[in-house]
Amino acid sequence: MRCNVIMKFSMRGAAAVLLAAALSTSGWSQGESAQDKSIPTSKVERLNRAPVSKEILKVKLPRPIETTLPNGISLMILEDHRFPLVTVQFDIDGAGPMYEPAGQPGLASATARMLNEGTKTRTSRQIAEQIDSLGASFSASAGFGSGSTVVTASGLSDTFEQWFALTADVLLHSNFPADELAQYQSRAKPALLQQRSQPGFLANQTMSRALFGTYPAAVVSATPESLDSLTPQMLADWRNQRYAPQNTILAISGDVHAETLIPKLRQWLAEWRRSELRVNFSPAPAPAKKEKIFLVSRPASVQTTLLMGNLAIDRGNPDYPALVVLNEVLGAGSASRLFLNLREEKGYTYGVYSNLIARKYAGPWTAGGDLRTEVTDGAMTEFLRELNRIRDEKVPDNELDAARRSVVARFALSLESPQQLIGYAITRKTYKFPADYWDKYPAQITAINADDVQRVARKYINPATMQVVAVGDADRIKTILEKYGPVEIVDASGKTTPETVKSQEINAR
């Protein structure tokens, strides 16, 4: 463990952490399998002989030094003098794709990607050469579904002032050269076409549109048309208007001294002036009330990609820990129910998983995987059986205990990463969690019981309201899917096909 993370547990407790990590990939802990007798869990032999500690992992994460710079930047500094390294992260709220103008998807991402392609005093080549010569790295991204642009840089502490100055120049003075933008567009458009040929992308795109409708989170990608419309001035305007210091968290971790660094940061970032921009997140739409199936036609496909889900919670919801444990039981890894059922026992797929996304707005809980076309019917049956089972039956103690220990073990291992510690600090700041939020997280997870899991399952996971997306050969699977609910056929762009319109007109007569 990191020396600046105070681990208040014995060697026995440490062994429990490592054991939990092992159990997270090897199945249930002690006792009989948690699967229903009608659903054999696996053909893998599980001896269940490893000793298990019942101690709760106790941690105290290092507290960053926090202050606000004159221009409004929320500054956090986490000192770590073990290694001569420093990591810097700017989290700029209000500059992510969630705030892009209608019809202009990809503007935030393109702006972030183009930051290091030239400034008023440096060309893209000079920036790259200087970053390399300083032993540093730089990246910037604005992921779809996020309200932020994230700029990250890291390097040696000996050259920190030089590479931080370069980072600040790129952040504040990038000029988005037309020739560099043209190259970006020529690279990005073929990537978009390739993206739209992937069934996983088509499933996610269709699911996002089904769940979010006109809400900005429904947009998951740029389009060729929106890329073509980009100009250097559009990128500069986005940066100038949306990169606001008063909406920025600056987190610095590593071999620095806060006492001497803070005055320097006030000077280095003084020209980044506060603006009047305020960030307001509108609430996400309500979860779907009625089941619906969307079929993305992919002629001659030899597999069906299934994805099902509905909107669940935002990150600040008190049900979050219980849903994390539920997700661990149901589909987070190779010891989960969905994996053991559909892959190990039935052999329908190479992998099937579930996922919980919780942000400032309510995100989805989803489950899915790639399956052979001929087992589409059987896979739908097993998916729905598992969803109903976790609602109708309490999770057995041994299965629940294994899931909780797996979650806690991953958290414990993540504390080895300085970047993850920065991430935890930013999360706490973003959602206004108490200072000891992460210290109490293992105990929160460990306290989740079978009643909690069943309660959130019944509240957020309902097969009767699931939105289901299937990407595959419509001629072979449409009739199968119609057994489970009304089917709407859409093309790769998400538009309803003429076949669906014709079918709907006939049914309306």
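Here the residue index of a chain counts from 1 through its sequence in written order. pLDDT decides what is reported in this predicted model: residues at 70 or higher carry local features, side-chain atom pairs at 80 or more are listed and counted, and totals for whole chains, interfaces and linings draw on all residues regardless. Hydrogens and water are ignored here; the side-chain numbers use all heavy atoms of the structure.

1. Remarks on the overall build of the chain
Item 1. Counting from the N terminus, the helices are the DSSP runs of H or I reaching at least four residues and the strands are the DSSP runs of E reaching at least two. On a plain count of helices and strands, the chain comes out with 18 helices and 14 strands.
Item 2. Contacts: residue pairs with any heavy atoms within 4.5 Å of one another. Here the contacts in the chain between residues at least 6 apart in sequence split such that 81% fall between residues at least 24 apart.

2. Focus: the sheet that holds strand 12 (residues 364–372)
Item 1. Pairing between strands is defined by DSSP: at least two bridges between the two strands are required. Read from one edge of the open sheet, 6 strands run 11-12-10-13-9-14, paired in mixed fashion. Edge positions in the sheet fall to strand 11 (352–356) and strand 14 (487–490), since each has one partner strand and no second. When strand polarity is set aside, the average angle formed by the axes of neighbouring strands in this sheet is 20°.
Item 2. Alignment of strand 10 (residues 303–311) against strand 13 (residues 467–472), held across 5 bridges, turns out to be antiparallel. The partner of Thr305 across the bridge, within strand 13, is Val471.
Item 3. Whenever a helix is involved, its axis is fitted only over the stretch in contact; in every case the axis is a line through C-alpha atoms, and angles between N-to-C directions fall within 0 to 180 degrees. Each of strand 11 and strand 12 touches helix 11 (residues 337–345); the most contacted strand, strand 11, lies at about 160° to it.
Item 4. Where helix 12 (residues 376–392) meets the sheet, it contacts strand 10, strand 11, strand 12 and strand 13, and its direction lies at approximately 25° from that of strand 10.

3. Observations concerning helix 4 (residues 160–173)
Item 1. Here a helix's expected span is defined as the number of its residues, less one, multiplied by 1.5 Å. The terminal C-alpha atoms of helix 4 lie 19 Å apart, and with 14 residues this matches the ideal 20 Å at 1.5 Å per residue to within 8%.
Item 2. With 11 of 14 residues buried, helix 4 is to be regarded as a mostly interior element.
Item 3. For helix 4, the full list of buried residues reads Phe160, Trp163, Phe164, Leu166, Thr167, Ala168, Asp169, Val170, Leu171, Leu172 and His173.
Item 4. Buried residues along helix 4 sit in contact with strand 5 (85–93), helix 3 (124–133), strand 6 (137–141), strand 7 (148–156), helix 8 (232–242) and helix 9 (258–268). Throughout this description, buried means an accessible area under 20% of the type-specific maximum (1.4 Å probe, protein chains only), exposed means over 50%, and partly exposed covers the range between.

4. Section: the pairing of strand 14
Item 1. Alternating positions in strand 14 separate into two faces, Val487 and Ile489 on one and Glu488 and Val490 on the other, with burial throughout.
Item 2. Bridging between strand 9 (residues 292–297) and strand 14 involves 4 bridges; their strand directions are parallel. Bridge pairing in strand 14 links Ile293 to Val487.

5. So, the sheet that holds strand 4 (residues 74–79)
Item 1. Taken in spatial order, the 6 strands of this open sheet run 3-4-8-5-7-6, and their pairing is mixed. The sheet is open, and its two edges are formed by strand 3 (65–68) and strand 6, each paired on a single side. Pairwise comparison of adjacent strand axes, ignoring direction, gives a mean angle of 10° for this sheet.
Item 2. In this structure, strand 3 lies alongside strand 4, joined through 4 bridges in antiparallel fashion.

6. A word on the nonpolar core
Item 1. Working definition of a nonpolar core: buried Ala, Val, Leu, Ile, Met, Phe, Trp, Tyr and Cys residues. They are joined through side-chain atoms within 4.5 Å. With 72 residues, the main nonpolar core has Ile77, Val88, Phe90, Tyr243 and Ile252 as its most contacted residues.
Item 2. Examining the composition of this core, we find that 8 residues originate from one element, helix 4, more than from any other.
Item 3. The next biggest cluster of nonpolar side chains, apart from the first, holds 65 residues, and it includes Leu295, Phe383, Val408 and Ile448.

7. Regarding the environment of Ala95
Item 1. Following the sequence through the fold, Ala95 ends up in the loop between strand 5 and helix 2 (107–113).
Item 2. Since its relative accessible area comes to 0%, Ala95 is described here as buried.
Item 3. The spatial distance from the C-alpha of Ala95 to the C-alpha of Thr149 is 5.3 Å, given a sequence separation of 54 residues.
Item 4. When near neighbours in sequence (up to four residues on either side) are disregarded, Ala95 contacts Ala108, Gly147, Ser148, Thr149, Trp238, Arg242 and Tyr243.

8. What about the environment of Ser229?
Item 1. Along the chain, Ser229 turns up in the loop between helix 7 (224–228) and helix 8.
Item 2. Ser229 gets classed as partly exposed once you look at its relative accessible area, which sits at 31%.
Item 3. Considering only alpha carbons, one finds Ser229 and Gln185, 44 residues apart in sequence, at a separation of 9.7 Å.
Item 4. Filtering out sequence-adjacent residues up to four positions away, Ser229 remains in contact with Gln104 and Met234.

9. Let's talk about the pairing of strand 10
Item 1. Across the 9 residues that make up strand 10, a large majority, 8, are buried.
Item 2. When strand 10 meets strand 12, the two strands line up antiparallel, connected through 9 bridges. Pairing of Leu311 across the sheet is with Pro364, part of strand 12.

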